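# Structural overview for review
Single-letter residue listing:
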Amino acid sequence: MRAQGSDWWKQAVVYQVYPRSFRDTDGDGLGDIRGIVSKIGYLDELGVDALWLSPFYPSNLADGGYDVIDYRAVDPRLGTLADFDDLVAAAHARGMKVIVDIVPNHTSDHHPWFQEALAQGPGSPARDRYLFRPGRGEHGELPPNGWRSVFGGSAWERVDDGSWYLHLFAREQPDLNWRHPEVRADFERTLRFWSDRGVDGFRVDVAHALAKDLDSRPLDELDQDPVQGSGSPDNPLWDRPEVHEIYRAWRRVFNEYEPPRFAVAEAWVAPEHQRYYASPDELGQVFNFQFAKAGWFADEFRRAIADGLAAAADSGSTSTWVLSNHDVPRHATRYGLPQVRSRVYHQIANDWLLRDGSTYYEDRAHGTRRARAAVLMELALPGSVYIYQGEELGLFEVADIPWDMLEDPQARRTLHGDAIKGRDGCRVPLPWEAADAPAPAAWSASFGDGATGSFGFSAPLAPAGDGSADGVPARAAAAPHLPQPLWFAGFAADAEAADPSSMLALYRRAIAARAELLTATGDTSLSWMPASELGPEPDQVVGFERPAADGRALACVANFGARPVPLPAGEVVLASVDPVDGALPQDACAWVLR
Ligand code: NOJ
């Protein structure tokens, strides 16, 4: 039973769709909105409460759609507004909510406002919607200061007339000036536009960057990169106190609707500041990425859970739990690589990717086993669970995409001083049908050619159907926009749907059990199990308990250590691997009702 009413999001399972890689119905190699509609039955069966769509707006794809040209339209390559309305109707008909991504920190450099700013020249009102500043040096030939973009390189770009504009991300993503009343008014219009079309909520991109102070001190005195999450009000770029006025105004817009629209902030801020973004007067919920950052160590997961719960209690909201998204290497891969504690999260995975997956051994059996345990642990937690498309199939990162086929602007750039390969390896178009396997490509024995098959990614819809029926595989006109490896054949959704031991089957069972046993109670409390119940090495175990429907308690036990953990007495409702003689082996998780 999916939650409805104004609190539907508090313990929702939200499925993130990266639309260009989900399902293509017109054979151009790019996923589209009708492709999502065609899989609504699949999403319904998976049991998720809501869909979050990464940007589907007109874009030049300088940053995977996070460079928006028009905030109130659908990219014609992905469909039309009518297709979008059909998607909302199809989701709502099955009790699923729809969340869209809002990208307010920057526009595309092809957005009409930026084009107008370029055309009108220095000092014009159109320029004031962005952050243009004069350069340093005798002829202004040096950038206003030494700030670096999050994607590497200078955060300033010079235009033909010699002025510079700020871009915290790619140079095709100029930052907006949120002190400008038109900028504020236009985004409120966008929130109403989608809310009026029935959208239930918003994911707010880089929510902590909108308010900036470039004027209180001379820019050239601010040469060091301001640190995200510093928590300091002196930080000119990140997490400034004035940002909260913007979200209080947005809340007034959300509350014009019944039920009020929901929002979740992507805000990389100090833990004690998360509460402001998540407050009921502002966005309502904030992403907690600590779960996704944790290595495969019991203490890192315990801390991530404890901190997430504390932050949620602080804000009066609920926590969020994330293992993967479109910005990080897939977790089945991360857990299959050597586990090394490091100051920089995902360091081993990013290093392995940089060398096309050749530096360390990716132990896929290990990765899968741990990914199964991780998702059971995650789905037992109170709060919202965000699932990234393909993780339910147990997909691994595609490490060896040829460098000349990469799309991510991060590729080849340096991040925190290190070169990185970027995020395309988790954005490869999904495998739906095992039988539609492509032939090896002429350029590589390990990738499909896309012309002879695409694992059902690019396939026309069946001519007549109820909107949920899938098409018969047919040859796509164009290859998928990122190449699919031939090993995707082992992860196709149709094969996994027929296999009770697959990752997909586990996700389906666990999401259903969560709804029935945990979410149904409306209770978000959690208590840690005492060490005496956690076997011979309690430090190696994450064990907690939640109130379950029918008055019993659900104990969730995850064993990271080598020694088996005797399970508490009760009914084992789910286990990531079969317990042996009543004990849970290493890298496994079980739910016990007692
Ligand atoms: C965060 C998004 O998740 C990421 O994909 C994007 O590149 C940046 N924000 C910039 O919009």
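Structure first, text after, so check above.
Described in the following lines is the structure provided in the data block.

The rules behind each value
- Numbers given to residues run from 1 along each chain, matching the order in which its sequence is written.
- A pLDDT threshold of at least 70 governs which residues receive local features in this predicted model, and a stricter bar of 80 or more applies before side-chain atom pairs are shown or counted, although totals over entire chains, interfaces and linings include all residues.
- Each side-chain value is derived from all of the structure's non-hydrogen atoms; neither hydrogens nor water enter the calculation.
- In this description a helix means any DSSP run of H or I spanning at least four residues, a strand means any run of E spanning at least two, and both kinds are numbered starting from the N terminus.
- C-alpha atoms define the radius of gyration in this analysis, and the globule rule sets the expected value at 2.2 Å times the number of residues to the power 0.38.
- Note on contacts: a residue pair qualifies if any of its non-hydrogen atoms lie within 4.5 Å across the two residues.
- With a 1.4 Å probe rolled over the protein chains alone, any residue whose accessible area is under 20% of its type maximum counts as buried; one over 50% counts as exposed, and the rest are partly exposed.
- Strand pairing is assigned whenever DSSP detects at least two bridges linking the two strands.
- If you view a crossover with the strands going away from you and the path from the first strand over the helix to the second runs clockwise, you call it right-handed.
- Axes, fitted as lines to C-alpha atoms, cover a helix only where it is in contact. Angles between the N-to-C directions of the axes lie from 0 to 180 degrees.
- Put simply, a crossing is left-handed when the front helix is turned counterclockwise from the back one by less than a right angle, and right-handed when it is turned clockwise.
- Residue classes follow a fixed rule: Ala, Val, Leu, Ile, Met, Phe, Trp, Tyr, Cys and Pro count as nonpolar, while Asp, Glu, Lys and Arg count as charged, and any other residue, Gly among them, counts as polar.
- We call a residue near a molecule or strand whenever a single non-hydrogen atom of that residue lies within 4 Å of it.
- Polar contact is defined as a pair of N or O atoms within 3.5 Å, subject to the rule that within protein one atom must be able to donate a hydrogen and the other to accept it, and that residues adjacent in sequence are counted only when both atoms are side-chain atoms.
- To be clear, the arc concerns the directions from the helix axis to the C-beta atoms.
- Salt bridge, as used here, is a side-chain nitrogen of Lys or Arg placed within 4 Å of a carboxyl oxygen of Asp or Glu.
- Among the buried residues, those of types Ala, Val, Leu, Ile, Met, Phe, Trp, Tyr and Cys that are joined through side-chain atoms within 4.5 Å form a nonpolar core.

Attention now moves to the overall build of the chain. Counting its secondary structure elements, the chain contains 14 helices and 22 strands. In terms of overall size, the chain behaves like a compact globule, its C-alpha atoms giving a radius of gyration of 24 Å where 594 residues would be expected to give roughly 25 Å. Taking the principal axes of the C-alpha coordinates as reference, the chain spans close to 80 × 55 × 50 Å. Within the chain, residue pairs in contact and separated by at least 24 positions form 69% of the contacts whose partners lie at least 6 positions apart.

Side chains Phe262 and Val264 of strand β8 (residues 262-265) all project onto a buried face; the interleaved residues Ala263 and Ala265 project onto the opposite face, where all are buried too. With four bridges connecting them, strand β7 (residues 201-204) and β8 associate as parallel partners. In the strand pairing of β8, valine 204 is matched with alanine 265. Summarising the sheet, β8 and strand β9 (residues 284-286) pair through three bridges and their orientation is parallel. Following the sheet pairing, alanine 265 is matched in β9 by valine 286. Once the chain exits β8 it traverses helix α7 (residues 271-278) before rejoining the sheet at β9, and the crossover so formed is right-handed.

Of all five residues in strand β11 (residues 384-388), five are buried; the element is thus mostly enclosed. In β11, alternate side chains face the same way, and those of Ser384, Tyr386 and Tyr388 on one face and Val385 and Ile387 on the other are all buried. Here three bridges tie strand β10 (residues 320-322) to β11, and the two strands are oriented parallel to one another. Its bridge partner being in β11, tryptophan 321 is matched across the sheet by valine 385.

Looking at where histidine 244 falls in the secondary structure, it is placed in helix α6 (residues 243-254). Setting aside residues no more than four positions away along its own chain, histidine 244 makes contact with Asp239, Tyr276, Tyr277 and Glu282.

This next bit is on the packing of helix α5 (residues 181-196) against α6. It is at 10 Å that the axes of α5 and α6 come closest, and there the two elements cross at 35 degrees. Every pair of crossing elements has a handedness; the one defined by α5 and α6 is right-handed. Facing Arg184, Phe187, Glu188, Leu191 and Arg192 of α5, the residues of α6 in contact are Glu245, Ile246, Ala249, Trp250, Val253 and Phe254. Its residues assigned to classes, the contact of α5 with α6 comprises seven nonpolar, no polar and four charged.

Moving on, we get to the sheet that holds β7. Spatial strand order, β9-β8-β7-β3-β2-β1-β11-β10: eight strands in an open sheet with parallel pairing. Single-partner strands in this sheet number two, and they are β9 and β10. Looking at each pair of strands side by side, their axes are set apart by 25 degrees on average, direction ignored. As defined by bridge partners, strand β2 (residues 50-53) adjoins strand β3 (residues 97-102) across four bridges and the pair is classed as parallel. Bridging across to β3, tryptophan 52 finds its partner in isoleucine 99.

So, about the environment of arginine 252. Mapped onto the elements of the fold, arginine 252 is located in helix α6. As for arginine 252 and glutamate 282, which are separated by 30 residues in sequence, their C-alpha atoms are 8.7 Å apart.

Taken in spatial order, the five strands make up an open sheet running β16-β17-β18-β22-β20, and their pairing is antiparallel. Lying at the two open borders of the sheet, with one neighbouring strand each, are β16 (527-528) and β20 (571-575). Where β16 lies against strand β17 (residues 541-547), two bridges are found, and the strand directions are antiparallel. Following the sheet pairing, serine 527 is matched in β17 by glutamate 545. Across the face of the sheet, helix α9 (residues 298-315) comes into contact with β16 and β17 while running at roughly 30 degrees to β17. Its contacts with the sheet place helix α12 (residues 364-379) against β17, β18 (553-559), β20 and β22 (588-593), and it is angled at close to 35 degrees to β22.

Here we come to the site of the ligand. Among the 14 residues in the neighbourhood of the ligand, the closest are listed as Asp63, His106, Asp205, His326 and Asp327. Histidine 106 places a polar side-chain atom, nitrogen or oxygen, 3.0 Å from an oxygen atom of the ligand. Within the side chain of aspartate 327, a nitrogen or oxygen atom sits 2.5 Å from an oxygen atom of the ligand. Split into classes, the residues belonging to the shell around the ligand amount to four nonpolar, three polar and seven charged.

This next bit is on helix α4 (residues 112-120). Note that an α-helix has 3.6 residues per turn; residues three or four places apart therefore point the same way. Listed as buried for α4 are Trp113, Phe114 and Ala117. Down the axis, α4 shows its buried residues gathered within 95 degrees of arc, on one side only. For α4, the elements touching its buried residues are β4 (132-133), β6 (164-166) and α5. Glycine 121 occupies a position one or two residues after α4 and carries a positive phi of about 85 degrees.

Turning our attention to the pattern of salt bridges. All told, the structure shown has 39 salt bridges when counted by the stated rule. Notably, a salt bridge pairs glutamate 242 with arginine 240, separated by 3.2 Å at the nearest N-O pair. Residue glutamate 242 is classed as partly exposed on the basis of its relative accessible area, which comes to 24%. By relative accessible area, which is 9% here, arginine 240 ends up buried. Ionic contacts of the salt-bridge type, sharing partners, join the residues Arg133, Arg179, Asp213, Asp215, Arg240 and Glu242 into one network.

What follows is about the nonpolar core. Formed by 139 residues in total, the largest nonpolar core has its most connected members in Tyr15, Leu43, Phe56, Tyr247 and Trp250. No other element matches helix α14 (residues 503-518), which puts nine residues into this core. If we ignore the near neighbours within four places in the chain, the residues touching tyrosine 247 are Val204, Ala207, Leu210, Tyr277, Asp281, Glu282 and Leu283. Grouped together as the second largest cluster of nonpolar side chains are 17 residues, Trp164, Ala209, Leu219 and Leu237 included.

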